[in-house]
Amino acid sequence: MPLTRISLHAGKSPDYRAALIAGVYAALRESFAVPEDDLFAVVHEHGEADFAFGRHYLGIVRDADLVLIQITANATRAPDQKRALYRAIARNLGRDPGVRPGNVFVNLVEVAPENWSFGDGGMQYGPPDP
Amino acid sequence: MPLTRISLHAGKSPDYRAALIAGVYAALRESFAVPEDDLFAVVHEHGEADFAFGRHYLGIVRDADLVLIQITANATRAPDQKRALYRAIARNLGRDPGVRPGNVFVNLVEVAPENWSFGDGGMQYGPPDP
Amino acid sequence: MPLTRISLHAGKSPDYRAALIAGVYAALRESFAVPEDDLFAVVHEHGEADFAFGRHYLGIVRDADLVLIQITANATRAPDQKRALYRAIARNLGRDPGVRPGNVFVNLVEVAPENWSFGDGGMQYGPPDP
């Protein structure tokens, strides 16, 4: 169910971008108990003028390889699961495709389970149709 | 007021993409009582490496024609309205531009009415300016 | 912490797009007390078929120069701060790059402070790690 939207500077290889998606998905599987095949993710590439960031906000070191990850998910996770997710994403992306941990930015947007249709016009996580 | 963001694989015609926007808008008009001309929507096209999805999650059949639709709207709709919206979107997109129902993915993000400015620097849905 | 996502028609100069980011950031600094260097923003350009809007919804005059601004931020601001933000964004973008106020659309998505990782795998705004 999570819908993952990743933004980064243009210029990385397709393999690099696919590895970003794979690393976030693996972290969601591990920390948020996301089921197998529950993968929905897109990547947006941006030119220089279209991607701006603070290089030192909160004392973290960011550079042009920053990856902005916005994940929409059900509002069912405890703070400790979110903390574990952030750690797992930074760890996974550090291994492959090799993103420095300072360059891994994550934002969660939470919604109700009834706020998803996974296809066929259904509300698969919502209350039963009366 | 809904803001609609649609992602799909690159390669469809402009008419096809415009029909996606039109079909979602008509469904919002019908199921969410969205007023005429209250239309704000964008489409993002993605290459192969930048668009990933589970082909069989929840037993639904998805393929390369999957359309990911993320709609931000006021948190004022009941579950039955959301259910009706999902049905109407799948029905509309099935007719035009001809998307298989398994390829219609919808996610709602809900916000407060005061979270919109429709222009002129105003907060048109919020409490009156004291 | 705000994550700003801006959509507009393709064709404006890089300077124009950078000015959009700068104007929103300055408004967030002024109205939402966002700290210096807390800047995370992307711009998406869209072709004709991929960008649709109501030209007169709520009596506001919009044209092809419409700018759709979606800001994800902590759910900690009062309605008056949001009102001030909308005013400041419209004012700033009117000055530079010269967007008519009717063409400035803003939507806020609010999240919990624990929903951010600013890098290094941490949950910088969340409860302390027990």
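The numbers attached to residues start from 1 for each chain and follow its sequence in the written order. Here the convention is simple: chains get letters from A, ligands get numbers from 1, in the order in which they are written. In keeping with the model being predicted, local features are shown solely for residues with a pLDDT of at least 70 and side-chain atom pairs are shown and tallied solely at 80 or more, while totals for entire chains, interfaces and linings include all residues.

Visitor: Honestly, the overall build of chain A in this entry has me stumped. Any pointers?
Guide: The helix and strand tally for chain A stands at two helices and six strands. Counting from the amino terminus, helix and strand elements in chain A follow one another as β-α-β-β-β-α-β-β. Dimensions of chain A, computed from the C-alpha atoms along their principal axes, are close to 50 × 30 × 25 Å. For chain A, buried positions account for 52% of its 130 residues. Counting contacts in chain A only where the partners sit at least 6 residues apart, residues at least 24 apart contribute 75% of the total. Secondary structure elements are taken from DSSP: a helix is a run of H or I of four residues or more, a strand is a run of E of two residues or more, and numbering for both begins at the N terminus. Any residue with 12 or fewer other C-beta atoms within 10 Å of its own C-beta is exposed, any with 20 or more is buried, and the rest are partly exposed; the C-beta atoms used are placed from the backbone. Contacts here follow a simple rule: the backbone-placed C-beta atoms of the two residues must lie within 7 Å.

Visitor: Can you help me understand the nonpolar core in this one?
Guide: One recurring pattern in soluble globular proteins is that nonpolar side chains are buried together. Put simply, a nonpolar core is a cluster of buried Ala, Val, Leu, Ile, Met, Phe, Trp, Tyr and Cys residues tied together by C-beta atoms within 7 Å. Counting 129 residues, the largest nonpolar core has Val67(A), Ile89(A), Val67(B), Ile89(B), Val67(C) and Ile89(C) as its most contacted members. Excluding anything up to four places from it in sequence, Val67(A) contacts Ile6(A), Leu8(A), Leu20(A), Leu93(A), Val99(A), Asn103(A), Val104(A) and Phe105(A).

Visitor: What is the right way to read the interface of chain A and chain C from this model?
Guide: How big an interface is tends to be reported as the loss of accessible area on association of its parts. Contacts between the two partners involve 34 residues from chain A, matched on the other side by 30 residues from chain C. If you list the elements that add at least two residues to the side of chain A that touches chain C, you get β2 (40-46), β3 (51-53), β4 (67-74), α2 (79-95) and β5 (104-111) of chain A. Gly is placed with the polar residues, together with every amino acid not listed as nonpolar (Ala, Val, Leu, Ile, Met, Phe, Trp, Tyr, Cys and Pro) or charged (Asp, Glu, Lys and Arg). Across the side of chain A that touches chain C, the residue classes tally to 17 nonpolar, nine polar and eight charged. Strand direction decides the pairing type here: β3(A) and strand β2 (residues 40-46) of chain C, joined by three bridges, are antiparallel. Among the inter-strand pairings, Phe53(A) is bridged to a residue of β2(C), identified as Phe40(C). Strands qualify as paired when DSSP identifies two bridges or more between them.

Visitor: Explanation requested: the packing of helix α1 (residues 14-31) of chain B against helix α2 (residues 79-95) of chain B in the structure shown.
Guide: Angle between the axes and distance between the axes are the two parameters that describe a pair of packed helices. Residues and elements named next belong to chain B. Relative orientation of the contacting elements α1 and α2 amounts to 145°, with a least axis distance of 8 Å. Along this stretch, α1 crosses α2, giving a crossing that reads as right-handed. Between α1 and α2, the contacting residues are Leu 20, Gly 23, Val 24, Ala 26, Ala 27, Leu 28, Glu 30 and Ser 31 on the first element and Gln 81, Ala 84, Leu 85, Ala 88, Ile 89, Asn 92 and Leu 93 on the second. All axes are obtained by fitting lines to C-alpha atoms, using only the stretch in contact for helices, and the reported angles, taken between N-to-C directions, cover 0 to 180 degrees. What makes a crossing left-handed is the near helix being turned counterclockwise from the far one by less than a right angle; a clockwise turn instead makes it right-handed.

Visitor: What's the story with the sheet that holds strand β6 (residues 116-117) of chain C in this structure? I'm lost.
Guide: In a beta sheet, neighbouring strands pair by backbone hydrogen bonds and run either parallel or antiparallel. Read across the sheet, six strands follow the order β3(B)-β2(A)-β1(A)-β4(A)-β5(A)-β6(C) without closing on themselves; strand pairing throughout is mixed. Both outer strands of the open sheet, β3 (51-53) of chain B together with β6 of chain C, are each paired with one neighbouring strand and no more. Strand direction decides the pairing type here: strand β1 (residues 3-9) of chain A and β4(A), joined by six bridges, are antiparallel. Counterpart to Ile6(A) in the pairing with β4(A) is Ile69(A). Here helix α1 (residues 14-31) of chain A sits on the sheet in contact with β1, β2 and β4 of chain A together with β3 of chain B, set at roughly 140° to β2(A). Together, β4 and β5 of chain A together with β6 of chain C form the strand contacts of α2(A), whose direction differs from that of β5(A) by roughly 140°.

Visitor: What exactly am I supposed to notice about the pairing of strand β4 (residues 67-74) of chain B here?
Guide: Along a regular strand, successive side chains alternate from one face of the sheet to the other. Burial of β4(B) is extensive: seven of the eight residues sit out of reach of the surface. Following the chain from β4(B) across α2(B) to the adjacent parallel strand β5 (residues 104-111) of chain B, one finds a crossover that is right-handed. The handedness rule is simple: strands pointing away from the viewer, and a clockwise path from the first strand over the helix to the second, make the crossover right-handed.

Visitor: Sorry, what's going on with the relation of the copies chain B and chain C here?
Guide: Mapping between the two copies of the chain is achieved by a rotation about an axis and a shift along the axis. Least-squares superposition of the copies uses the C-alpha atoms of those residues scoring a pLDDT of at least 70 in each of them. Once turned by 120° and shifted 0.0 Å along the axis, chain B lies on chain C with an RMSD of 0.0 Å. Expressed as a symmetry operation, the mapping of one chain copy onto the other fits a three-fold axis. Of all interface residues in chain B, a mere 7% are interface residues in chain C too; the two copies therefore contact each other through different surfaces.

Visitor: Looking at this model, I keep getting lost on the sheet that holds strand β5 (residues 104-111) of chain C. Mind explaining?
Guide: Read across the sheet, six strands follow the order β3(A)-β2(C)-β1(C)-β4(C)-β5(C)-β6(B) without closing on themselves; strand pairing throughout is mixed. Unpaired on one side and paired on the other, β3 of chain A together with β6 (116-117) of chain B mark the two borders of the sheet. Of the strands in this sheet, β3 of chain A together with β1 (3-9), β2 and β4 (67-74) of chain C touch helix α1 (residues 14-31) of chain C, which is tilted by about 140° from β2(C).

Visitor: I would appreciate a short explanation of the relation of the copies chain A and chain C in the present structure.
Guide: At an RMSD of 0.0 Å, chain A and chain C line up after a rotation of 120° and a shift of 0.0 Å along the axis. In this assembly, only 6% of the residues forming the interface of chain A have copies in chain C that are likewise at the interface, indicating a heterologous arrangement.

Visitor: I would appreciate a short explanation of unusual backbone geometry in the present structure.
Guide: For residues besides glycine, phi is generally negative; the peptide bonds are generally trans as well. All names here are of chain A. Of the consecutive residues Asp 96 and Pro 97, the connecting peptide bond is found in the cis state with omega at 15°. Among the secondary structure elements, Pro 97 is positioned in the loop between α2 and β5. The backbone phi angle of Asp 37 is positive, close to 75°, even though this residue is not glycine. With respect to the helices and strands, Asp 37 occurs in the loop between α1 and β2. Residue class for Asp 37 comes out partly exposed when judged on the 14 C-beta atoms lying within 10 Å of it.

Visitor: Mind showing me how you'd approach the pairing of β2(A) here?
Guide: Summarising burial for β2(A): five of the seven residues are buried, a large majority. Note that the unit made of β1(A), α1(A) and β2(A) has a crossover that is right-handed.

Visitor: Just checking my understanding: could you explain the confidence of the model for chain A for this structure?
Guide: Low-pLDDT portions of the prediction should not be read for the details of their coordinates. A residue's pLDDT is simply how confident the predictor is in it, with values from 0 to 100. Chain-level statistics for chain A give a pLDDT mean of 97 and a share of 99% at 70 or above. Model confidence for the complex is summarised by a pTM of 0.98, with the ipTM given as 0.97.

Visitor: I keep staring at the interface of chain B and chain C and nothing clicks. Help me out?
Guide: If you look at the interface, chain B gives 30 residues, while chain C gives 34 residues. When contributions to the side of chain B that touches chain C are tallied by element, the ones reaching two or more residues are α1, β2 (40-46), β5 and β6 of chain B. If you tally residues by element for the side of chain B that touches chain C, the top one is β2(B), at five residues. Split by residue class, the side of chain B that touches chain C holds 15 nonpolar, nine polar and six charged.

Visitor: Would you explain the environment of Gly23(B) in this entry?
Guide: Residue and element names in this part refer to chain B. Secondary-structure assignment places Gly 23 in helix α1. The spatial distance from the C-alpha of Gly 23 to the C-alpha of Gly 47 is 23 Å, given a sequence separation of 24 residues. If near-sequence neighbours (up to four positions away) are discounted, Gly 23 is found in contact with Ile 89, Asn 92, Leu 93 and Asp 96.

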